[in-house]
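Observations on chain architecture
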Amino acid sequence: MGLSGLVNPYTITALDGVAYGLLLFVIAAGLTLIFGVAGVFSMAHGTLYLAGAYIAWQLADGGWVGLGLALAAAVLVGAVGGAGLAAAVRPLTDRPLDQVLATLGVAYIAADGFSTVFGAEPRSVDPPRALAGSVSLGGYQYPVYRLGFIAVAALIVVLLIWLVERSRTGAVVRAVVADPDMAEATGLRTRRTRAAVLVGGGVLAVTAGVLGAPVIGPAPGVDATILVYSLIVCVVGGLGSIRGALLAALGVGQVLTLGVALVPGAAAFVLAAAMLVALTVRHRPSLAGRPA
Amino acid sequence: MSAPLLRLDTVSRAYGARRVVDEVSLDLHPGARHALIGPNGAGKSTLLHLIAGTLRPTSGRIHYAGHDIHRWPAHRRARAGIARTWQHPTLARPLTVVQNVLLAVPGQHMAVLRERPRASAAALDALAQVGLAEHAQWPTSQLSYGDQRRLEVAVALAAQPRLLLLDEPSAGLATTEVARLVELIRALPTDIAVLLVDHNLDVVSAVADTVTVLHHGRHLTTGTPSDVRAHPDVRRVYLAEADHTDHVPTTPGAANGPSAAVPPVLRVRNLRAGHHGAPVLTGVALDVQAGRVSAVVGRNGAGKTTLINTIAGLHPALSGTEIVLNDRLVTGLSARRRCRAGIGLVPQGRRLFAGLTVAEHLALPRPHPGRPRTVTARQILDLFPALAERRHHRPHQLSGGEQQMLALARALLAGPQVLLLDEPSEGLAPAIVGQLAAIITGLAATGSAVLLAEQNLALALDIAHDVAVLDRGTLALHAPAADLRADPARLHDVLAVPTGST
């Protein structure tokens, strides 16, 4: 039949890719807004994800209460982390290279701290028992938690796009991106907007860590991996663009799952090539000889 | 006649859909003294960039000394004898004066530290040409602004150019320095062709034998300075095309019209501001009263936008500046606090937020809680019915007139007590300008104080109660508009502009 014909090892892998892509989006959406709105080049974004994953490992007990506690802790840690980052880079405004070095330093110190506190071995985080099993999809077993994750992440996507593109808050954020001076002269609080975006981005990244821990669990090095993939998503999607980040994240998710399954050797190259194309094409607004 | 040294053949440069330079053709013969003039945004600087190679043309050819150079990189053109100065001095500030010149001497290359005697002699020669020989060993950063500009010319001359491009050499110079600059340009060797962009038409008339006028990127006319001055199209598009006479400024504020007893909403005293260290405004004083429109007119580059932006808090004011709104000193406040305090800005070029819809623009401003909201979004849409139909459109989908209405609406929603309007009629069709005039007059009639910076003299005289002329960093004339309408010769004396059809 149609449905069972659709289900094969590749579509199952592609479904994994969707989950992976949505996870990357929730992380990278914050980063792309931090870049685009606050103009901050944060290299500590993967660290926030890892912090969330360790929170999940520490607090998740297989029940809903543990997950709820972990999510509450994530919001707190994300907000404090974002605000701390905003305070740390405040003296470094308009010095992007110094911001990179400062946040990279924060990331290294945090990574060292994580290894000391939680040990150097990878930890696995179990999903809540209610979502622990797997479900049969046309003859294949698929983890329920991953389907649940896709649903929750899709909800976050919708809320985030609504917030940025439909609400007044989003209009303020986009006005600050478009022309900070004029936004200021219209009476908008540009500094507070930038700080709020850093806090929001931090909350998103740590929350993604809690929700994503059963998929990509806490381990040393995860922060760097997540940072690199988030940067790719930001660059390919365009800094500050939520929709762009969504498309890029879904694409990267597919490359990292389906791409690796189909052409293992070429997947890394495809990612680099996508970045190259995005960078070269986007920054040539008019090609020579083309009529205007 | 000899073959041209430089020939531009239908050269264009586009940014997206906008053509900044639009099919300009131009010949420059060896030894020419050629000037490019035109209103802001006419494409003058872009054209210089295209010739110097810092920008490539989107289409068209550039022939120089028998070669098609339109694909050559800037350094190759420089070595072929095209030298330039920049709109703002671009010097290696840690180096001494003579080291800056040595960088440009051919054959000297990177070995600045081991000067060759011949190169040193050439560098000192170039410095002597601009009268800076005695400052050769000074650190560049200690030179005055005017001397930095002359040093730039020396750097350009040291490269032994056949074509010298000067980008606004007189910008920011005091009167005496401008006179020295004119002397310097006139004394340049006659085998060097000079192409000059400048807003100061005294300089242009003094040094150029041929003048080309650009407007919106297009070539308007080329001729001798007097031909160009008499050209009707030039008179129409370019405000300040004629010579000026020495005019003794009247005392600002003395002729403030019949309502001088009413305390002003906005009081500005000793406003000083600059760009890159060059003074632009050197002590502006003005009052704006409730219910009145005060206009500031002036030549291109006189500093009208700097004045407006400094009052709004978008441009830093130099020490001593006093900006007082309703007896409250706002000089030290940020642009946001000034907006909250009651200064509304409708900036030059509108500066709408790209990507935001009309409705979103109108949702942004929030008036200060302590101040009664004077208008609501509903009333604004009644005032600008065209915007109501375009609530979901974005700025690039709006006409110029609609964009201007939106910029005005955005400023009005914050409930300002004084409205700053910077070139509101720029780029608008006459019928729209008429609508705009009616709206501004209506705002003043309901008690708003309006400060209008305008290039369009007819509009300014039409709607303003009093008019001030900005010239050389200060207000040179301040008079009731009615007097000026009755006696346009007074404005002629300061601006030497045609007053329109009447």
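Because the structure is predicted, anything quoted here is derived from the model rather than measured. (Residues numbered from 1 in each chain as written. Chains lettered and ligands numbered in written order. Predicted model: local features only at pLDDT ≥ 70, side-chain atom pairs only at ≥ 80, totals over all residues. Heavy atoms only, no water.)

Observations concerning a nonpolar patch on the surface
All names here are of chain A. Taken together, Y10, L262 and V263 make up a surface patch of nonpolar side chains, about 300 Å² in accessible area. Looking at the secondary structure, you find Y10 in helix α2 (residues 9-38). We classify Y10 as partly exposed; its relative accessible area is 46%. (Patch = residues over 30% accessible without salt bridge, like charges linked within 9 Å, V, L, I, M, F, W, Y side chains within 5 Å. Areas by Shrake-Rupley, 256 points an atom, 1.4 Å probe, with all protein chains shown as cover. Salt bridge = Lys/Arg side-chain N within 4 Å of Asp/Glu carboxyl O. Helix = DSSP H or I, 4+ residues; strand = E, 2+ residues; numbered from the N terminus. Buried < 20%, exposed > 50% of the residue type's maximum accessible area, 1.4 Å probe, protein only.)

Structural notes on the interface of chain B and chain A
Each side of the interface is counted separately: chain B has 24 residues, and chain A has 22 residues. Carbon and sulfur atoms supply 58% of the area that chain B and chain A bury against each other, a total of about 2100 Å² over both sides. The three residues of chain B that bury the most area against chain A are R336, F353 and L364 of chain B, which together make up 28% of that side's buried surface. The interface formed by chain B and chain A includes 2 salt bridges. Notably, a salt bridge pairs R351 of chain B with D179 of chain A, separated by 2.8 Å at the nearest N-O pair. Where chain B touches chain A, the interface holds 7 residue pairs in polar contact (both at pLDDT 80 or more). Secondary-structure elements contributing two or more residues to the side of chain B that touches chain A are α11 (335-341) and α12 (358-363) of chain B. (Contact = heavy atoms within 4.5 Å. Buried area = accessible area lost by both parts, 1.4 Å probe. Polar contact = N/O pair within 3.5 Å; in protein donor to acceptor, adjacent residues only side chain to side chain.)

Some words on the domain arrangement of chain B
All names here are of chain B. Segmenting chain B into domains produces domain 1 (6-237) and domain 2 (266-495). Relative to domain 2, the C-alpha centre of domain 1 lies at a distance of 34 Å. Of the roughly 770 Å² buried between domain 1 and domain 2 on both sides combined, carbon and sulfur atoms contribute 48%. Along the contact surface separating domain 1 from domain 2 lie 0 salt bridges. Scanning the region where domain 1 abuts domain 2 turns up 0 residue pairs in polar contact (both at pLDDT 80 or more). (Domains from an automatic or database assignment.)

A short note on the pairing of strand β1 (residues 134-137) of chain A
All names here are of chain A. Both β1 and strand β2 (residues 140-143) contribute to a ladder of 4 bridges, which runs antiparallel. Note on β2: the bridge partner recorded for S134 is P143. The hairpin turn running from β1 into β2, its antiparallel successor, is 2 residues long, and G138 in that turn takes a positive phi close to 55°. (Pairing = 2+ DSSP bridges.)

Section: the pairing of strand β1 (residues 6-15) of chain B
Residues and elements named next belong to chain B. Pairing geometry for β1 and strand β2 (residues 18-28), over 7 bridges, is antiparallel. Across the sheet, residue R7 finds its bridge partner in β2, namely D27. In terms of strand pairing, β1 meets strand β4 (residues 59-64) through 5 bridges, oriented antiparallel. Within the sheet, the bridge partner assigned to R7 lies in β4 and is H63.

Overview of unusual backbone geometry
Residue and element names in this part refer to chain B. In this model, N326 sits at a positive phi of 50°, which is unusual for a non-glycine residue. The class of N326 is partly exposed, set by a relative accessible area of 39%. We note that R351 has phi near 50°; this positive angle belongs to a residue other than glycine. On the secondary structure map, R351 appears in the loop between β16 (343-346) and α12. For R351, a relative accessible area of 25% puts it in the partly exposed group.

A few points about the sheet that holds strand β12 (residues 278-288) of chain B
All names here are of chain B. With antiparallel pairing, 4 strands are arranged side by side in an open sheet as β12-β11-β14-β15. Strands with a single pairing partner mark the edges of an open sheet, and in this sheet they are β12 and β15 (328-329). As paired elements, strand β14 (residues 322-325) and β15 share 2 bridges and run antiparallel to each other. Bridge pairing in β15 links V324 to L329. Against the sheet, helix α10 (residues 304-312) makes contact with β11 (266-275), β12 and β14, and its axis sits at roughly 115° relative to β11, the strand it touches most. (Axes fitted to C-alpha atoms, helices over the stretch in contact; angles between N-to-C directions.)

A look at the sheet that holds strand β7 (residues 163-167) of chain B
Residues and elements named next belong to chain B. Strand order in this open sheet of 6 strands is β6-β7-β8-β3-β9-β10, and the pairing throughout is mixed. Looking at strand neighbours, the two that pair on one side only are β6 (82-84) and β10 (218-223), the edges of this open sheet. Taken over all neighbouring pairs, the strand axes of this sheet differ in orientation by 20° on average, direction set aside. Strand direction decides the pairing type here: β6 and β7, joined by 3 bridges, are parallel. Bridged to R84 within β7 is L165. Contacts between helix α1 (residues 44-52) and the sheet are confined to β3 (33-37), β6, β7, β8 (193-197) and β9 (210-215), with β7 contributing the most and set at about 150° to the helix.

Thoughts on the pattern of salt bridges
Close approach of charged atoms lets side chains of opposite charge pair. Residue and element names in this part refer to chain B. On inspection of all chains with the given rule, the structure shows 17 salt bridges over all chains. Salt-bridge contacts for D147 lead to R150; the nearest nitrogen and oxygen are separated by 2.5 Å. One end of the pair is D147 and the other is R150, both in helix α5 (residues 145-158) and 3 residues apart, which spans about a single turn. The salt bridge partner of R390 is E402, with a shortest N-O separation of 3.0 Å. Residue R390 is located in the loop between α14 (385-388) and α15 (400-413), and its partner E402 is located in helix α15; the two are separated by 12 residues in the primary sequence. Shared partners join several salt bridges into a network, and the residues in it are R19, D22, E23 and R218.

Overview of the packing of helix α4 (residues 64-89) of chain A against helix α9 (residues 190-212) of chain A
Residues and elements named next belong to chain A. Across the interface, α4 lies against α9 with an axial gap of 7 Å and an inter-helix angle of 145°. The two elements α4 and α9 cross, and the hand of that crossing is right-handed. Here L67, A70, L71, A74, V75, V77, G78, A79, G82, A83, L85 and A86 of α4 come into contact with α9, specifically with A195, L198, V199, G202, V203, V206, T207, V210 and L211. Each residue belonging to the contact of α4 with α9 can be placed in one class, and the counts come to 17 nonpolar, 4 polar and no charged. (Left-handed = near helix turned anticlockwise from the far one by under 90°. Nonpolar A, V, L, I, M, F, W, Y, C, P; charged D, E, K, R; others polar.)

Considering the side chain of D466 of chain B
Mapped onto the secondary structure, D466 of chain B falls in strand β19 (residues 466-471). Polar side-chain contacts of D466 of chain B include one of 3.2 Å to the side chain of S294 of chain B.

As for the packing of aromatic side chains
Overall, the coordinates contain 6 aromatic pairs over all chains when judged by the stated rule. Taking the centre distance of 6.0 Å and the plane angle of 80° together, the rings of W57 of chain A and F118 of chain A count as edge-to-face. In this pair, W57 of chain A is assigned in helix α3 (residues 45-59) and F118 of chain A in helix α5 (residues 96-118), connecting sequence segments 61 residues apart. Residue class for W57 of chain A comes out partly exposed when judged on its relative accessible area of 28%. Taking the relative accessible area as the measure of exposure, F118 of chain A reaches 16% and is therefore buried. An aromatic cluster of three or more residues is present, and its members are Y54, W57, F114 and F118 of chain A. R76 of chain B extends its terminal NZ or CZ atom over the ring of W72 of chain B, reaching a point 3.9 Å from the ring centre. The ring of W86 of chain B is capped by R84 of chain B, whose NZ or CZ atom sits 3.7 Å from the centre of that ring. (Phe/Tyr/Trp six-rings, centres within 6.5 Å; stacked < 30°, edge-to-face > 60°. Lys NZ or Arg CZ within 6 Å of the ring centre and 35° of its normal.)

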